[in-house]
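Spelled out from the first residue to the last, the chains are:
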Amino acid sequence: MAKKRAFKMPSAVTIVMIFLAVVAVLTWFVPTSAVVTDGDGTSRIIYNAAIDGEGNIIENAGTDPVGIWEYFIAPIQGFVDAAEIATSILVSGGMIALLSHTGTMDAGIGVLLKRFSGNTLIIILMAVFALMGSVYGAWEELPAYAVIVIPLFVSAGYDAVTGMMVILIGATVGNMASVVNPYSIGAAVAAIGNPDLSLGSGILLRMILFAVMLAVGILMVLRYASKVKKAPESSLAKGAENALNIKENVGVTPMTKRRKWSLAVFILVILLCVMGYIPWDSIPAGSGTASDYVNGFQNAAMDSFIGQLLGADKFTKFGEWYFIEFSVIWFIGAVAIGLINKMSEREFVNVFTGGAKDLVGVVFVLSASRGISMFMGSSESGMSITFIYWIQKMLTGVPLWAFVMAGFAAYFGIGLFLQSTSGVAGITMPVFGAVAFALFSASAAGAAGGQTVLLSVFTCGINFVCGLYPESTNLGICEMAGLSYNMFFKQWLKILAPVLAAAVIIISAAPYIGIV
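What comes next concerns the included structure. Nothing here was measured: the structure is a model prediction, and the numbers come from that model. For every chain, the first residue of the written sequence is number 1, and numbering continues from 1 along that sequence. Predicted model: local features are reported for residues with pLDDT of at least 70 only, side-chain atom pairs are reported and counted for 80 or more only, and whole-chain, interface and lining totals are derived from all residues. Side-chain descriptors were evaluated using all non-hydrogen atoms of the structure, hydrogens and water having been removed beforehand.

**Quick word on the overall build of the chain**
Inclusion rule: Secondary structure elements are defined from DSSP: runs of H or I of at least 4 residues count as helices, runs of E of at least 2 residues count as strands, and each element is numbered from the N terminus. Just to be clear, the radius of gyration here is over C-alpha atoms, and the globule rule we use is 2.2 Å times residues to the power 0.38. Remark: exposure states derive from per-residue accessible area (1.4 Å probe, protein chains only) relative to the maximum for the residue type, with buried under 20%, exposed over 50%, and partly exposed in between. Whether two residues are in contact is decided by their heavy atoms: any pair within 4.5 Å suffices. For the area figures, the Shrake-Rupley method with a 1.4 Å probe applies, and any residue is considered shielded solely by the protein chains shown. Positive charges come from Lys and Arg alone, negative charges from Asp and Glu alone, with His and the N- and C-terminal ends not counted. Just so you know, the charge point we use is NZ for Lys, CZ for Arg, CG for Asp and CD for Glu.
Counting its secondary structure elements, the chain contains 22 helices and seven strands. Against the 2.2 N^0.38 benchmark of 24 Å for 516 residues, the chain shows a C-alpha radius of gyration of 24 Å, consistent with a compact globule. For the chain, the spread of C-alpha atoms along the principal axes amounts to about 80 × 65 × 50 Å. Among the 516 residues that make up the chain, the fraction classed as buried is 54%. At a minimum sequence separation of 6, the contacts of the chain that also span at least 24 residues come to 77%. Approximately 23200 Å² of the chain is accessible, and the part contributed by carbon and sulfur atoms is 64%. Of note, the chain has its 27 positive side-chain charges centred 19 Å away from the centre of its 29 negative side-chain charges.

**Brief notes about unusual backbone geometry**
Of note, N60 is a non-glycine position whose phi angle comes to about 55°, a positive value. Mapped onto the elements, N60 comes out in the loop between strand 4 (57-59) and helix 2 (68-81). The phi torsion at K342 lies on the positive side, around 50°, for a residue other than glycine. As for its position among the elements, K342 is in the loop between helix 14 (323-340) and helix 15 (345-357). According to the relative accessible area criterion, K342 is exposed, its value standing at 64%.

**What to know about the environment of I513**
With respect to the helices and strands, I513 occurs in the segment after helix 22 (485-509). Classification of I513 by relative accessible area gives exposed; the value is 57%. Taking C-alpha positions, I513 is 49 Å from L359, a pair spaced 154 residues apart along the chain.

**Focus on the packing of aromatic side chains**
Note the threshold: Here a Phe, Tyr or Trp ring, Trp counted by its six-membered ring, pairs with any other such ring whose centre lies within 6.5 Å, and the pair is stacked when the planes are under 30 degrees apart, edge-to-face when over 60, and tilted otherwise.
Applying the stated criterion across every chain, the model contains 20 aromatic pairs. Relative to Y469, the ring of F19 lies with its centre 5.9 Å away and its plane at 90°, an arrangement referred to as edge-to-face. You can see F19 sitting in helix 1 (residues 12-26) and its partner Y469 sitting in the loop between helix 20 (446-468) and helix 21 (472-481), a full 450 residues away along the chain. When the ring of F488 is compared with that of W492, the centres are 4.6 Å apart and the planes differ by 35°; the resulting orientation is tilted.

**Here's the deal with the layout of surface pockets**
Over the atoms, a rolled probe matching the size of one water molecule traces out where space is still vacant. We count it as follows: Buriedness for pockets is judged along seven lines, at least five of which must meet protein on both sides within 12 Å for an open set on the 1 Å grid over protein atoms alone, while cavities are sets there where a 1.4 Å probe fits but cannot get out, and lining residues have an atom within 4 Å of a point. Grid points are joined across faces, edges and corners, and a volume is the space filled by probe spheres set on the points. Residues are grouped as follows: Ala, Val, Leu, Ile, Met, Phe, Trp, Tyr, Cys and Pro are nonpolar; Asp, Glu, Lys and Arg are charged; all remaining types, including Gly, are polar.
Taken as a whole, the largest pocket encloses approximately 1200 Å³ of empty space. In terms of lining, the largest pocket is formed by 40 residues, of which the most central are W139, E140, Y322, Q419 and S420. Those elements giving two or more residues to the lining of the largest pocket turn out to be helix 3 (83-101), helix 7 (160-177), helix 16 (360-376), helix 19 (421-440) and helix 20. The element contributing the most residues to the lining of the largest pocket is helix 16, with six residues. Residue composition of the lining of the largest pocket, by class: 17 nonpolar, 16 polar and seven charged. Looking at the second largest pocket, its volume works out to about 770 Å³. Lining the second largest pocket are 25 residues, with L112, L125, I148, F266 and I267 positioned closest to its centre. Elements with a minimum of two residues in the lining of the second largest pocket: helix 4 (104-115), helix 5 (118-136), helix 6 (142-155) and helix 10 (257-277). Looking at the lining of the second largest pocket element by element, the count peaks at seven residues for helix 4. Looking at the lining of the second largest pocket, its residues break down into 22 nonpolar, two polar and one charged.

**Description of the nonpolar core**
Selection criterion: In this description, a nonpolar core means a group of buried Ala, Val, Leu, Ile, Met, Phe, Trp, Tyr and Cys residues linked to one another through side-chain atoms lying within 4.5 Å.
In terms of nonpolar packing, the biggest core is built from 162 residues, with L142, M164, W330 and W492 touching the most fellow members. Ignoring anything within four residues of it in the chain, the contact list for W492 reads V161, M164, M165, L168, I169, G467, L468 and L483.

**Here's the deal with the environment of L99**
Note that L99 resides in helix 3. The spacing of L99 and F352 is 253 residues in sequence and 9.9 Å in space, taken between C-alpha atoms. With near-sequence residues (within four places) excluded, L99 lies in contact with T104, M105, S262, F266 and I337.

**Structural notes on helix 5**
The condition that has to hold: By definition here, a helix of n residues has an expected span of 1.5 Å times n minus one.
Counted at 1.5 Å a residue, the expected span for helix 5 with its 19 residues is 27 Å, and the 27 Å between its end C-alpha atoms agrees. When we look at burial in helix 5, the residues that qualify are G118, L121, I122, L125, M126, F129, A130, M132, G133, S134 and Y136. On the buried face of helix 5, the contacting elements are helix 4, helix 6, helix 7, helix 8 (182-192), helix 9 (203-230) and helix 10. Taken from the residues just after helix 5, G137 is the one with a positive phi, measuring 70°.

**Concerning the side chain of T27**
Here T27 lies in the loop between helix 1 and strand 1 (33-37). Contacts of T27, omitting those with residues within four sequence positions, involve T63, D64, P65, V66, F375 and M383.

**Examining the environment of G307**
Assignment of secondary structure puts G307 in helix 13 (residues 305-310). On a C-alpha basis, the gap between G307 and Y389 in space is 51 Å, while along the polypeptide they are 82 residues apart. Leaving out residues up to four positions away in the same chain, G307 has contacts with A301 and A312.

**Section: the packing of helix 3 against helix 10**
We apply this condition: Interaxial angles span 0 to 180 degrees and are taken between N-to-C directions of axes, which are lines fitted to C-alpha atoms, for helices over the stretch in contact. Should an angle lie under 35 degrees it is considered roughly parallel, over 145 roughly antiparallel, and from 65 to 115 roughly perpendicular; all remaining angles are considered oblique. Put simply, a crossing is left-handed when the front helix is turned counterclockwise from the back one by less than a right angle, and right-handed when it is turned clockwise.
The N-to-C vectors of helix 3 and helix 10 enclose an angle of 155°; their axes lie 11 Å apart at closest approach. Considering their axes alone, helix 3 and helix 10 lie roughly antiparallel with respect to each other. The hand of the helix 3/helix 10 crossing is left-handed. Residues M95, I96 and L99 of helix 3 form the contact with helix 10, whose own contacting residues are S262, F266 and V269.

**Digging into the packing of helix 8 against helix 20**
Two elements in contact, helix 8 and helix 20, have axes whose closest approach is 10 Å; the angle formed by their N-to-C orientations is 135°. Classified by the angle between their axes, helix 8 and helix 20 sit oblique to one another. The hand of the helix 8/helix 20 crossing is right-handed. For the pair formed by helix 8 and helix 20, the contact residues are S184, I185, A188, V189 and I192 on the first element and Q451, L455, F458 and T459 on the second. Residues belonging to the contact of helix 8 with helix 20 are distributed by class as follows: six nonpolar, three polar and no charged.

In structure tokens form, the structure reads like this:
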């Protein structure tokens, strides 16, 4: 009798294309809706409507069905739309290949492993990625860091999944807390429109959330890492192919002078990227903002010969960087490493392009996943706005005692259709903020306190879903580590569920214990 073929989870690209097909089918049944902004700046949803090319609202627009041709166009258009992110991934892959080729990466890993135990590395790096998420919403750029962190933990005797967890769980926890993240908390406060609220409103609650959720996340990751180190056969990625060509038994290359200089360049590139993403304009300093000091040299050198030679007038200010600047600084770093190690032109090009080639599969996953958001619509119009409209209608009649739980449920649902935190804030906060104002106005927390609670419900709820969602960052790093989305979802849910439970308890108790 013929043996039954065991089910094998399809690749990340195939999963995205299946999900894209499901969304395409939904477009035949779910009408589009649109968001309009009134004269006072308040946003509201018009159900069953669309926006034409001139910005006019078309009511009773019905559905916007996707055909077969559009289905196949979507991943191609997604590649075009994701060009900046794709370039940053390919360039970072080229630079990491240079670090590996010169022995710098191996020698650096050896230094880290001698100085820190595996558990200490997990704690330090998870805290770093959590801070990145909490300060400026780090997410789409994470695959560039995965090409470094995953091999590091394989070398430390763990597995690729441990490296994934350090990056993604750390960043998810940080985004859920969003202590001073202007792209989520700042956007939500602006959308609510209450003059009594600011970026600092509820910061004590968010700091407590950050500390507790990070502690829970670290403990859960340490538990998995300890199990894998004791029994390597228990690894979720055992026997899986990965896009990074990870090798074990590394970290034995000696640290030479050239490798030290190459490592210094790499560290400087990372620091510059972090500086570029931190929203310095949102941080008060003296009579102005921190941006005045961080960008002081550029401002002073703008009209000088040195400034013109360096291109200071074209240099994007720190705090305003995006993927183009990320790619540029990594490319400059790659050239510097080539010069330090006296590589020939042909050797440099072959190694750099070879490193980029290893991550082409990740770029394909990212491109296909962009097609999903094209079918769902934008933060202004489309099928995604209709789902948000339905969820808003359900939340308006919720009693005070159930507000936090209902809010979480609402943002879980919204997160399935729209993952842009600033976009979701702009659409939902005018309505949800008014509901919180009315429910909490007679309570001890007060109306502003209720809206402060809503801010954390929003960031925790939407980012919990983003941490599990089959989007470009998650699937791209899965592809790098050789982990199927099915295994990813199960394992991440085991870790993020206790993190979420801690958040729900703290936020629910906040109005009653004086945190807000």
